[in-house]
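Observations on chain architecture
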Amino acid sequence: DVKVTQSSRYLVKRTGEKVFLECVQDMDHENMFWYRQDPGLGLRLIYFSYDVKMKEKGDIPEGYSVSREKKERFSLILESASTNQTSMYLCASTPGGYETQYFGPGTRLLVL
Amino acid sequence: SQQGEEDPQALSIQEGENATMNCSYKTSINNLQWYRQNSGRGLVHLILIRSNEREKHSGRLRVTLDTSKKSSSLLITASRAADTASYFCATDESGGYQKVTFGTGTKLQVIP
């Protein structure tokens, strides 16, 4: 079974803090994705990566950056957290192409 | 931008009844997928239908795709309380590169 894990289920941070969300997959998948999910807006793609050290902007990259130093790990960074980044963050991976995405359990982030 | 839009936004049925959810999208696609999300958790892939397929079955799930109308439907037969979840369609655009776009979801409640 593919397993995608995220570093925290719940996180509370203060405005202006630097926040790291980590995602690890154990199936040697090439592609990894970060989404945020908000009520009424569904899932929106923040960034994705199709190879180590490669990254592509999604639909809402502003205020975020990512890092992929190893194939299995994809980190989402909030350089200076703001209250409008309070959300559920979901990581996913896929072996390639337009195939099934495997999701982690999500991190619910609250920025005060 | 949102590619898939689910309808209805919310659906409440009795256990044993069938549940039908619809998804409409805007541009030509390669594949359409349906995912399920239990409250506060990550998404789980249910079924993928390719643009050259019209219908697909998996257990109690039946998915149809009408590319001329740019729409798909997910039918869950003989629903169970455990089917209570949100359901999302996801599309990848023809010519797009390794990313899918999720709709806003249908929240299904199955009453025991």
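Provided above is the structure to which this section pertains.
Position labels on residues start from 1 in each chain and follow its written sequence. Labels follow written order: the first chain is A, the first ligand is 1, and so on. Reporting of local features is limited, given that this is a predicted model, to residues whose pLDDT is at least 70; pairs of side-chain atoms are given and counted only at 80 or more, and all residues count toward the totals for whole chains, interfaces and linings. For the side-chain quantities, the full set of heavy atoms in the structure was used; hydrogens and water were omitted.

**Considering the sheet that holds strand β8 (residues 73–78) of chain A**
All names here are of chain A. When DSSP finds two or more bridges between two strands, those strands count as paired. For the purposes of this entry, the term helix denotes a DSSP run of H or I that reaches at least four residues, the term strand denotes a run of E that reaches at least two, and both are numbered from the N terminus. Strand order in this open sheet of four strands is β1-β3-β8-β7, and the pairing throughout is antiparallel. Across the chains shown, the open sheet's two edge strands, defined by having one partner strand only, are β1 (4–6) and β7 (64–70). The sheet shows a mean angle of 20° between the axes of neighbouring strands, direction not considered. All axes are obtained by fitting lines to C-alpha atoms, using only the stretch in contact for helices, and the reported angles, taken between N-to-C directions, cover 0 to 180 degrees.

**Things to note about the sheet that holds strand β7 (residues 61–66) of chain B**
All names here are of chain B. Taken together, five strands build an open sheet; the order of strands is β1-β3-β8-β7-β6 and the sheet is antiparallel. Strands at the two margins of the open sheet, each flanked by one partner only, are β1 (5–7) and β6 (55–58). Averaged over all neighbouring strand pairs, the angle between strand axes comes to 20°, with direction disregarded. When strand β3 (residues 19–24) meets strand β8 (residues 71–76), the two strands line up antiparallel, connected through six bridges. Residue pairing across strands places C23 opposite S72, the latter belonging to β8.

**Notes on the state of the cysteines**
Residue and element names in this part refer to chain A. We call a pair of cysteine sulfur atoms a disulfide when they lie within 2.5 Å. Per the counting criterion, the structure on display carries two disulfides over all chains. Note on cysteine connectivity: C23 is disulfide-linked to C91, with sulfurs 1.8 Å apart. One disulfide, between C23 and C91, carries an S-S torsion of -75° and so falls in the left-handed class. You can see C23 sitting in strand β3 (residues 19–25) and its partner C91 sitting in strand β9 (residues 87–94), a full 68 residues away along the chain. The same class applies to C23 and to C91, which are both buried. Think of it in three bands: with a 1.4 Å probe and only protein chains considered, a residue is buried below 20% of the maximum accessible area for its type, exposed above 50%, and partly exposed in between.

**A few points about the environment of S49 of chain A**
Residue and element names in this part refer to chain A. Mapped onto the fold, S49 is located in strand β5 (residues 42–49). Here the alpha-carbon distance between S49 and S67, two residues 18 residues apart in the chain, equals 8.9 Å. When sequence neighbours within four positions are dropped, the list of residues in contact with S49 reads E30, N31, M32, M54, K55, R68 and F74. Whenever a nitrogen or oxygen atom comes within 3.5 Å of another N or O atom, the pair is scored as a polar contact, on the condition that within protein one atom can donate a hydrogen and the other can accept it, and that pairs from neighbouring residues in sequence are kept only if both atoms are in side chains. At 2.6 Å, the side chain of S49 and the backbone oxygen of M54 are in polar contact. Only heavy atoms enter the contact rule, under which two residues are in contact if any of them lie within 4.5 Å.

**Here we look at the interface of chain A and chain B**
Contacts between the two partners involve 25 residues from chain A and, on the opposite side, 24 residues from chain B. We define buried area as the total accessible area lost by two parts upon association, computed with a 1.4 Å probe and summed across both. Between chain A and chain B the total buried area reaches about 2,000 Å² when both faces are included, carbon and sulfur atoms providing 51% of it. Basic side-chain nitrogens of Lys or Arg form a salt bridge, by our definition, when they fall within 4 Å of a carboxyl oxygen of Asp or Glu. The interface formed by chain A and chain B includes zero salt bridges. At the boundary of chain A and chain B, one finds four residue pairs in polar contact (both at pLDDT 80 or more). If you list the elements that add at least two residues to the side of chain A that touches chain B, you get β4 (31–38), β5 and β9 of chain A.

**A closer look at the side chain of Q33 of chain B**
All names here are of chain B. By the secondary structure assignment, Q33 is in strand β4 (residues 29–37). At 2.8 Å, the side chain of Q33 forms a polar contact with the side chain of Y35. In terms of polar contacts, Q33 uses its side chain to reach the side chain of H45, at 3.3 Å.

**Overview of the packing of aromatic side chains**
Only Phe, Tyr and Trp rings take part, Trp by its six-membered ring, and two of them pair if their centres are within 6.5 Å. Stacked means planes under 30 degrees apart, edge-to-face means over 60, and tilted covers everything else. Within the structure shown, the criterion is met by eight aromatic pairs over all chains. Ring geometry for F103 of chain A against F102 of chain B: centres 5.8 Å apart, planes inclined by 80°, an arrangement best described as edge-to-face. Taken as a pair, F103 of chain A in strand β10 (residues 102–103) and F102 of chain B in strand β10 (residues 101–102) lie in two separate chains rather than in one. In this structure, F103 of chain A and F102 of chain B share a single accessibility class: buried. Each member of the aromatic cluster is reached from another via a ring pair, and the members are F33, Y35, F48 and F103 of chain A together with Y35 and F102 of chain B.

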